Amino acid sequence: MQQLSPTSQSRILIVGYGDLGKKIANALVLDPRIDAIGVTSRSDELSVRDSNLLRFTAMNHGYPGEVSGHVLDLEDTASAVDVLDRFEPTMVVNCASVQSWRRLTELPSALYQELDEAQFGPWLPMHLAPARALGEAVRAHGGSPVVVNCAFPDAVGPVLTPSGLAPTIGGGNVANVVPALTWSASKVLGLPAGELQVRLVAQHYYSHRLPRAGDAGDAPAAVEIRHGGRILDISEQLEAIQLGVSTFCRRTGGIDGQSLTASSVLSVLRAFLSDRPRLVHAPAPGGLPGGYPVLASRSGFELSLPEGLTEAEAISINQQGQYADGVQAIDPATGAATIRADKLEILERHFKVNHDPIEPSTAWQRAHEMHDAFSALQLARSAA
């Protein structure tokens, strides 16, 4: 079990206050157990406006805690450390990315579908750079807040593990598909959804593909379903259950679908506020690759795997999913990530990409190079 240091106060700082961060914050103000919520922006004006909007929303809900805004630039470690020192968070939620995944969906549909075949791995620098910078700031701050990473945690966690900068745990991804699997299983098996408990081991690739295709594609996953504490044999029904996720469990996606991701992150945060362990799903617990079922409380967390599945087997499942997601390998000694050449070649049809392994120390440079190249593509397409 990974031990945490319970504190008498709950002070949550959200770094990267975009759509996902706002959805999380607007749910947090409904929870009186939280003593303070801090939101961040690189702009002083946005910091004032965003924090006031959240403060006034909180007042309408009767939230008794403190709401504050902070100017924070992750490319300026000193500013990040200063915010951490002043706010003294017990939990930090990282939603920061150099470029949101949504930018891809703004392209013409055919081009988006083509680039989406490269999967998520090639875009790793966009999410790695801010997460690594935050890790460095937390280390310099010297406190021990729980860091929940929402930016490609499945890969960012293991990349940062060798340097000791990995977030505590991730949020989203594997957890996003568990409600649909539960609902689909209830219909296929003819059992009440509220009586079913799903344990899922799966990497981001699976949670991205399943709602769209209704199958696991090129990545394995371990799915266990319990009814009244009894493990069900679903070997003959699993195909139908997975298909149901993309058919009668189909849902709204895109920016509106971020409400589901926010709820997945909130399930982890609420578990860390609980005295009793709760079963949640989270990517990269303790820096592991991919996603797992986890028992979590304010005292710590531990894996709660499907019956008979070892930790080594669960890691292997996620490493295979990682490969399907475009990440060929992550060096366990350095954290350097090698992206599959065939996936990079898909992007290279439209803009220049760097095939060298992604060294954590060069994450900002790699992220800005990729962002600039993609922005040029987007500009050219909009002008056409």
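Presented here is an overview of the structure given in this document. (Residues numbered from 1 in each chain as written. Predicted model: local features only at pLDDT ≥ 70, side-chain atom pairs only at ≥ 80, totals over all residues. Heavy atoms only, no water.)

### Quick look at the packing of aromatic side chains
Note the cut-off: Only the six-membered ring of Trp is used, alongside the rings of Phe and Tyr, when aromatic pairs are assigned; centres must lie within 6.5 Å, and planes under 30 degrees apart are stacked while those over 60 apart are edge-to-face, with the rest tilted. Helix and strand definitions here come from DSSP, where helices need a minimum of 4 consecutive H or I residues and strands a minimum of 2 consecutive E residues; each element is numbered from the N-terminal end. Between buried and exposed lies partly exposed: a residue is buried under 20% and exposed over 50% of the maximum accessible area for its type, with that area taken using a 1.4 Å probe on protein chains only.
As enumerated under the stated definition, the model contains five aromatic pairs in all. Relative to phenylalanine 152, the ring of phenylalanine 120 has its centre 4.7 Å away and its plane inclined at 80°; by these criteria the two rings are edge-to-face. With phenylalanine 120 in the loop between helix H5 (109-116) and helix H6 (124-141) and phenylalanine 152 in the loop between strand S6 (146-149) and helix H7 (153-160), this residue pair connects regions lying 32 residues apart in the sequence. Owing to a relative accessible area of 3%, phenylalanine 152 belongs among the buried residues under this scheme. For the ring pair tryptophan 123 and phenylalanine 374, a centre distance of 5.6 Å and an interplane angle of 85° mean the geometry is edge-to-face. Placement of the pair is tryptophan 123 in the loop between H5 and H6 and phenylalanine 374 in helix H14 (residues 363-383), with a sequence separation of 251 residues. Tryptophan 123 gets classed as buried once you look at its relative accessible area, which sits at 6%. Ring-pair connections join several aromatic residues into one group, and the members of that group are Trp123, Phe351 and Phe374.

### A closer look at the pairing of strand S9 (residues 222-227)
The line we're drawing: What makes two strands pair is DSSP finding at least two bridges between them.
For S9, a buried count of six out of six residues is recorded, marking the element as mostly surrounded by other parts of the structure. Side-chain alternation along S9 places Ala222, Glu224 and Arg226 on one buried face and Val223, Ile225 and His227 on a second face that is also buried. For strand S8 (residues 196-201) and S9, the ladder comprises six bridges, and the chain directions are antiparallel. Across the sheet, the residue bridging to arginine 199 is glutamate 224, located in S9. Bridging between S9 and strand S10 (residues 230-231) involves two bridges; their strand directions are antiparallel. Residue pairing across strands places arginine 226 opposite isoleucine 231, the latter belonging to S10. Hairpin connection between S9 and S10: a loop of two residues separates the two successive antiparallel strands, and glycine 228 in this loop has a positive phi of roughly 60°.

### With respect to the nonpolar core
Here is a general trend for soluble globular proteins: nonpolar side chains tend to be buried in one another's company. Note the cut-off: We call a set of buried Ala, Val, Leu, Ile, Met, Phe, Trp, Tyr and Cys residues a nonpolar core when their side-chain atoms join them within 4.5 Å. In what follows, residue pairs with any heavy atoms lying within 4.5 Å of each other are defined as contacts.
Counting 46 residues, the largest nonpolar core has Ile24, Leu28, Val93, Leu269 and Phe272 as its most contacted members. Tallying contributions element by element places helix H11 (residues 258-271) first for this core, with six residues. Excluding residues within four positions of it along the chain, isoleucine 24 makes contact with Ile14, Val93, Cys95, Ala262, Val265, Leu266 and Leu269. Membership of the second largest hydrophobic core comes to 35 residues, among which are Phe120, Met126, Phe351 and Met370.

### Quick notes on the sheet that holds S9
Within the open sheet, the three strands sit side by side as S8-S9-S10. Their pairing is antiparallel. Of all the strands in the sheet, the pair left with one neighbour each is S8 and S10.

### Digging into the packing of helix H9 (residues 204-213) against helix H10 (residues 238-246)
We apply this condition: Every axis in this analysis is a line fitted to C-alpha atoms, fitted for helices over the stretch in contact. Angles between the N-to-C directions lie between 0 and 180 degrees. The labels follow the angle: roughly parallel below 35 degrees, roughly antiparallel above 145, roughly perpendicular from 65 to 115, and oblique for the rest. Classes in brief: Ala, Val, Leu, Ile, Met, Phe, Trp, Tyr, Cys and Pro nonpolar; Asp, Glu, Lys and Arg charged; the others, Gly included, polar.
Interhelical geometry of H9 versus H10 gives an angle of 80° and a closest axis separation of 5 Å. One element, H9, and the other, H10, form an angle in the roughly perpendicular class. Of the residues in H10, those in contact with Tyr206, Leu210, Pro211, Arg212 and Ala213 of H9 are Gln242, Val245 and Ser246. Taken together, the residues that form the contact of H9 with H10 break down as five nonpolar, two polar and one charged.

### Overview of the environment of proline 89
Along the polypeptide, proline 89 turns up in the loop between helix H3 (77-87) and strand S5 (91-94). When residues no more than four places from it in sequence are discounted, the contact partners of proline 89 are Arg11, Leu13, Leu84 and Pro145.

### Quick notes on the environment of leucine 196
Of note, leucine 196 is situated in strand S8. Exposure remark for leucine 196: the relative accessible area of 10% places this residue in the buried category. Considering only alpha carbons, one finds leucine 196 and tryptophan 183, 13 residues apart in sequence, at a separation of 8.9 Å. The residues contacting leucine 196, other than those within four sequence positions of it, are Thr182, Ala185, Ser186, Leu191, Ile225, Arg226, His227 and Leu232.

### Focus: the pattern of salt bridges
Under the convention used in this document: Every case where a carboxyl oxygen of Asp or Glu lies within 4 Å of a side-chain nitrogen of Lys or Arg is listed as a salt bridge.
This model, assessed by the stated rule, comprises 14 salt bridges. Note that arginine 340 is salt-bridged to aspartate 342, the shortest N-O span being 2.7 Å. Owing to a relative accessible area of 11%, arginine 340 belongs among the buried residues under this scheme. Connected through shared salt-bridge partners, Glu224, Arg226 and Glu307 make up one network.

### Examining the side chain of serine 186
The condition is simple: Polar contacts, as counted here, are pairs of nitrogen or oxygen atoms within 3.5 Å of one another; within protein the pair requires one atom able to donate a hydrogen and one able to accept it, and residues that are adjacent in sequence qualify only if both atoms are side-chain atoms.
Within the secondary structure layout, serine 186 lies in helix H8 (residues 174-189). The exposure class of serine 186 is buried, given its relative accessible area of 5%. Among the polar contacts made by the side chain of serine 186, one reaches the main-chain carbonyl oxygen of tryptophan 183 at a distance of 2.6 Å. Not counting residues within four places of it along the chain, the set of residues in contact with serine 186 comprises Leu191, Pro192, Ala193 and Leu196.

### Notes on a nonpolar patch on the surface
Put simply, the test is: Like-charged residues within 9 Å of one another, or nonpolar side chains (Val, Leu, Ile, Met, Phe, Trp, Tyr) within 5 Å, are grouped into patches, provided each residue has over 30% relative accessible area and no salt bridge. Residue exposure ignores everything except the shown protein chains as possible cover, and the areas themselves are Shrake-Rupley values with a 1.4 Å probe.
A cluster of nonpolar residues, Trp183, Val188 and Phe248, forms a patch on the protein surface that exposes about 290 Å² of accessible area. Here valine 188 is to be found in helix H8.

### A closer look at the pairing of S5
The two faces of S5 match: Met91 and Val93 on one face and Val92 and Asn94 on the other face are all buried. For strand S2 (residues 11-15) and S5, the ladder comprises four bridges, and the chain directions are parallel. Bridged to valine 15 within S5 is asparagine 94.

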